[in-house]
Amino acid sequence: MNNDSKSIHEFDFNLICEYFSSLERQGPGSPEVTVKALSFIDNLSDKSCIADIGCGSGGQTMVLAQHTAGRLTGVDLFPLFIELFNQNACLLGLQNRVQGVIESMDQLSFKDEELDLIWSEGAIYHIGFQRGLAEWKRFLKTGGFIAVTEVSWFTEERPSEINDFWLDAYPEIDTIPRKVAQMQQAGYLPVATFVLPENCWTEHFYAPQAIAQENFLKKYAGNSTVESLIASQRHEAQLFDKYKAYYGYVFYIGKKL
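Below: a short report on this structure. Owing to the predicted nature of the structure, the values given are computational and were not obtained by experimental measurement. (Residues numbered from 1 in each chain as written. Predicted model: local features only at pLDDT ≥ 70, side-chain atom pairs only at ≥ 80, totals over all residues. Heavy atoms only, no water.)

### Some thoughts on the overall build of the chain
Operational definition: We count a stretch as a helix when DSSP gives it H or I for four or more residues in a row; a strand needs E for two or more, and each element gets its number in order from the N terminus. Throughout, the radius of gyration refers to the C-alpha atoms, and the reference size of a globule is 2.2 Å times the residue count to the power 0.38. Exposure classes here rest on a 1.4 Å probe applied to the protein chains alone. A residue is buried below 20% of its type maximum, exposed above 50%, and partly exposed in between. In what follows, residue pairs with any heavy atoms lying within 4.5 Å of each other are defined as contacts. Areas reported as accessible are Shrake-Rupley estimates using a 1.4 Å probe. Residue values count occlusion only from the protein chains shown. Only four residue types enter the tally: Lys and Arg on the positive side, Asp and Glu on the negative side; His and the chain ends are excluded. Charge positions come from single atoms, namely NZ of Lys, CZ of Arg, CG of Asp or CD of Glu.
A tally of regular secondary structure across the chain gives ten helices and eight strands. The globule rule puts the C-alpha radius of gyration for 257 residues at 18 Å, and the 18 Å found for the chain is close to it. In terms of overall dimensions, the chain has a C-alpha envelope of 50 × 45 × 30 Å along the principal axes. Within the chain, the proportion of its 257 residues that are buried is 51%. Considering only intrachain contacts with a sequence separation of at least 6, the fraction spanning at least 24 residues in the chain is 77%. In the form shown here, the chain has an accessible surface area of approximately 11700 Å², with 50% of it arising from carbon and sulfur atoms. Between the centroid of the 21 positive side chains of the chain and the centroid of its 33 negative side chains there is a distance of 5 Å.

Structure follows, in structure tokens:
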């Protein structure tokens with residue numbers, strides 16, 4: 001496998017964390033898309049408990065907090081992300097009801113039926129879409145909502161280059177109808193599904209990486225692992241530009257029955 005075709009998962013997680021910590025968002029998305037997804041959630045009040053699982057440094061979490069009135073907990077495995085998350089909450093004056101905690105998404109400490117809403121943008125793939133939906137369900141109250149973004153195929157067939165890339169990076173990738181069926185089989189009523197606009201990838205994810213990449217290469221000049229990491233990110237961006245008609249992120253919103 002060439003260096004520029006490596007999956008992000010083949011690199012040291014601490015190195016990945018440091019690289020992505022310089023970005024406002026650690027995955028495709030936008031404030032507008034977060035607000036749009038939130039518009040399908042109808043059970044929230046100032047008493048609501050919300051969890052953002054795989055929150056990163058909290059780019060989308062802070063948007064959530066600014067458009068809801070309840071208590072919000074961000075969960076991520078990496079201490080650096082949670083440190084930045086809590087700093088961001090303080091800067092926005094949200095620290096009294098927004099808190100980041102260090103936990104693994106497969107060992108969450110929430111109580112059964114504690115949450116009114118589970119959120120996860122660009123992160124459920126770490127545990128797997130079906131497993132995440134199944135395991136996190138017990139933390140939701142009956143009638144509570146789950147809202148996640150998941151990379152999905154737009155077509156039944158696609159060129160082998162992009163097909164092989166994503167099957168290697170995330171074998172659970174599938175078409176939108178199959179993902180909706182999986183949500184229903186897990187015990188949720190599918191409420192809404194929509195494709196994230198292209199600018200969630202280009203403007204809000206890939207473009208901000210240009211400066212981050214140059215800074216990272218300068219900091220670790222001569223480090224072949226860092227050079228390979230940056231090459232892989234650039235390769236991924238090139239693949240998206242070439243094959244964006246075949247895949248993208250999709251918001252899946254469901255209600256616990």
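Past the structure itself, the notes keep going.
### Details of the nonpolar core
What counts here: Each nonpolar core is a collection of buried residues, namely Ala, Val, Leu, Ile, Met, Phe, Trp, Tyr and Cys, held together in the definition by side-chain atoms within 4.5 Å.
Within the largest apolar cluster, 76 residues are counted, with the highest numbers of intra-cluster contacts made by Trp119, Trp136, Ile146, Trp166, Tyr247, Phe251 and Ile253. The leading source of residues in this core is strand E5 (residues 140-153), at seven residues. Once residues within four sequence positions are removed from consideration, phenylalanine 251 is found in contact with Val33, Ala37, Trp119, Glu121, Ala147, Val148, Thr149, Ala192, Thr193, Phe194 and Leu196.

### Concerning the environment of glutamate 83
Structurally, glutamate 83 is set in helix H4 (residues 79-91). Distance in space between the C-alpha atoms of glutamate 83 and isoleucine 102 is 9.3 Å, their sequence separation being 19 residues.

### Examining the packing of helix H5 (residues 129-136) against helix H7 (residues 176-185)
We count it as follows: Here the axes come from fitting lines to C-alpha atoms, over the contacting stretch only for helices, and the angles between their N-to-C directions go from 0 to 180 degrees. Here the angle decides the label: under 35 degrees means roughly parallel, over 145 means roughly antiparallel, 65 to 115 means roughly perpendicular, and every other value means oblique. Left-handed describes a crossing in which the near helix is turned anticlockwise from the far one by less than a right angle; the clockwise case is right-handed.
Where H5 meets H7, the closest approach of the two axes is 10 Å, and the angle between their N-to-C directions is 25°. In terms of orientation, H5 lies roughly parallel with respect to H7. Considering how the two elements wind past one another, H5 and H7 form a crossing that is right-handed. Residues Phe129, Gln130 and Leu133 of H5 lie in contact with H7, whose contacting residues are Lys179, Gln182 and Met183.

### Structural notes on the pairing of strand E2 (residues 71-76)
Threshold: Pairing between two strands is assigned when DSSP locates at least 2 bridges connecting them. Viewed with both strands pointing away, a crossover whose connecting path from the first strand over the helix to the second turns clockwise is right-handed.
Bridging between strand E1 (residues 49-53) and E2 involves five bridges; their strand directions are parallel. Bridging across to E2, aspartate 52 finds its partner in glycine 74. Following the backbone out of E1, through helix H3 (residues 59-66) and into the adjacent parallel E2, one traces a crossover that is right-handed. In terms of strand pairing, E2 meets strand E3 (residues 98-102) through five bridges, oriented parallel. Across the sheet, residue valine 75 finds its bridge partner in E3, namely valine 101.

### Side note on a nonpolar patch on the surface
Our working rule: What makes a patch is a set of residues exposed beyond 30% relative accessible area and free of salt bridges, joined within 9 Å when like-charged and within 5 Å when nonpolar (Val, Leu, Ile, Met, Phe, Trp, Tyr). Each salt bridge in this description consists of a side-chain nitrogen of Lys or Arg and a carboxyl oxygen of Asp or Glu lying within 4 Å of one another.
Together, Phe40, Leu189, Val191 and Leu257 make up an exposed nonpolar region whose accessible area comes to about 350 Å². Within the fold, valine 191 resides in strand E7 (residues 188-195). Overall, the relative accessible area of 34% leaves valine 191 in the partly exposed class.

Read these as geometric descriptors, not functional statements.
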